[in-house]
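# Observations on the model geometry
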Amino acid sequence: CLLSKKIFVFLTCCALASVNLNLVGVDPGDVLIPGLLFIGLLLGHLNIHSLRFPSLLTSFFAAFVFFYVVSLVINEFIPLFVMHLISNVAFLCFLKLYVDSEERMRQVLLSFLAGAGATSILAVAAILGLWTPGEMFFELVGSLRYMALISDPNILAVLTVPLALWLLDELLDPKLLTASRWIPSVFLVLGLVQIGLTQSR
């Protein structure tokens, strides 16, 4: 199945949507995206030669890694934090390799939007008592700040702001969305409300 590019794209969309989901223990995205990066390179769905960054960015990243290692040597070594960093770097590399066309960019943004919408619907249902989350989910109401299923209001805002900017851009000058203008308008309003409810700076 993984040899099929359509299956690979489907799994990618699911993995990107799951970024909005934070579970007790390992998050789905932390496993799926590095796994898809490895599988994509192995089976030829991703082209390693596309992984090129400007020299200035590469220099800054090298400096960051150097001081990160120094910090690990001086301070307490926490394997979970290192794994999160590696997962995030793999996420960046995956996006850089995967997005090679307008259609791929559309898939990525719509996957993020679908994930944000689905997790917020579940969170609101839990808050209203319509759905009871299992033990794998973090507490949904830890304070007055809204955090959906991401369990951190600031991280939720960080994920929502780029989506809101993209939706605003599509309303001003449609490029990736061919849907009626009221659809991105509704999602933009919901996104702005969500950002406001997180009370994040």
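It should be noted that the structure appears before, not after, this text.
Summary of the structure given here. Since the model is a prediction, treat every value here as computed from it, not as a measurement.

## Quick word on the nonpolar core
Among the nonpolar cores identified, the biggest contains 28 residues, and Leu37, Leu46, Phe94, Tyr98 and Trp166 are the most heavily contacted of them. Only helix H1 (5-17), helix H2 (28-43), helix H4 (79-98), helix H5 (102-127), helix H6 (153-172) and helix H7 (182-198) provide two or more residues apiece to this core. Here this core takes six residues from H4, the largest share from any one element. Residue contacts for Tyr98: discarding those within four places in its chain leaves Phe8, Val9, Thr12, Leu46, Arg104, Gln107 and Val108. Ala126, Phe137, Leu140 and Leu156 belong to the second-largest nonpolar core, a separate cluster that totals 10 residues.

## Side note on the environment of Glu135
Position of Glu135 among the secondary structure elements: in the loop between H5 and H6. Note: C-alpha distance between Glu135 and Leu23 (112 residues apart in sequence) is 9.1 Å.

## Considerations on unusual backbone geometry
Phi at Ser151 is positive, roughly 70°, even though this residue is not glycine. Along the polypeptide, Ser151 turns up in the loop between H5 and H6. Within the chain, Gln199 stands out as a residue other than glycine whose phi angle is a positive 55°.

## Here we look at H2
Look at H2: 22 Å from first C-alpha to last across 16 residues, which is about the 22 Å you get at 1.5 Å a residue. Among all positions of H2, only Gly29, Ile33, Leu36, Leu37 and Gly40 are buried. Along the axis of H2, the buried residues cluster in a sector spanning 105°; they form a single face. Exposed and oriented more than 90 degrees from the buried face of H2 are Val31, Phe38 and Leu42. Following H2 by one or two positions, Gly44 has its phi on the positive side, about 85°.

## Regarding the pattern of salt bridges
Enumeration according to the criterion identifies five salt bridges in this entry. The partner of Arg106 in a salt bridge is Glu103, with the nearest N and O atoms 2.4 Å apart. Residue Arg106 and its partner Glu103 are both found in helix H5; the two are separated by three residues, about one turn of the helix. Residue Arg106 is classed as buried on the basis of its relative accessible area, which comes to 16%. Close ionic contact of Asp173 with Lys175 constitutes a salt bridge, the shortest N to O distance being 3.6 Å.

## A few points about the packing of H2 against H4
Remark: H2 packs on H4, axes separated minimally by 9 Å, with the N-to-C direction vectors making an angle of 50°. Classified by the angle between their axes, H2 and H4 sit oblique to one another. Crossing hand, H2 versus H4: left-handed. Within the contact between the two elements, H2 uses Asp30, Ile33, Pro34, Leu36, Leu37 and Leu41 and H4 uses His84, Ser87, Ala90, Phe91, Cys93, Phe94 and Leu97. A class-by-class count of the residues in the contact of H2 with H4 yields 10 nonpolar, two polar and one charged.

## A few points about the packing of helix H3 (residues 55-74) against H4
Axis separation between H3 and H4 bottoms out at 12 Å; the angle between their running directions is 170°. Taken together, the axes of H3 and H4 are roughly antiparallel relative to one another. Residues Phe61, Phe64, Tyr68 and Leu72 of H3 touch H4, and the partners they reach there are Phe81, Val82, Leu85 and Val89. Here the residues of the contact of H3 with H4 sort into eight nonpolar, no polar and no charged.

What counts and how
Throughout this document, residue positions are counted from 1 along each chain, in the order its sequence is written. Only residues with pLDDT of at least 70 get local features here, since the model is predicted, and only at 80 or more are side-chain atom pairs given and counted; chain-wide, interface and lining totals rely on the full set of residues. To obtain the side-chain values, all non-hydrogen atoms of the structure were used and water was disregarded. In this description, a nonpolar core means a group of buried Ala, Val, Leu, Ile, Met, Phe, Trp, Tyr and Cys residues linked to one another through side-chain atoms lying within 4.5 Å. Note on classification: 1.4 Å probe, protein chains only; a residue is buried when its accessible area is under 20% of the maximum for its type, exposed when over 50%, partly exposed between these limits. Runs of E in the DSSP output that reach at least two residues are strands. Runs of H or I that reach at least four are helices, and both are numbered from the N terminus. Residues are treated as being in contact if the distance between any of their heavy atoms lies within 4.5 Å. The span one expects for a helix is its residue count, reduced by one, times 1.5 Å. As used here, the arc belongs to the directions running from the helix axis to the C-beta atoms. Basic side-chain nitrogens of Lys or Arg form a salt bridge, by our definition, when they fall within 4 Å of a carboxyl oxygen of Asp or Glu. As a rule, the C-alpha atoms of each element are fitted with a line to give its axis, helices using only the stretch in contact, and angles between N-to-C directions run from 0 to 180 degrees. Any angle from 65 to 115 degrees is called roughly perpendicular, while one under 35 is roughly parallel, one over 145 is roughly antiparallel, and all others are oblique. Put simply, a crossing is left-handed when the front helix is turned counterclockwise from the back one by less than a right angle, and right-handed when it is turned clockwise. Polar here means any residue outside two lists: the nonpolar Ala, Val, Leu, Ile, Met, Phe, Trp, Tyr, Cys and Pro, and the charged Asp, Glu, Lys and Arg; Gly therefore counts as polar.

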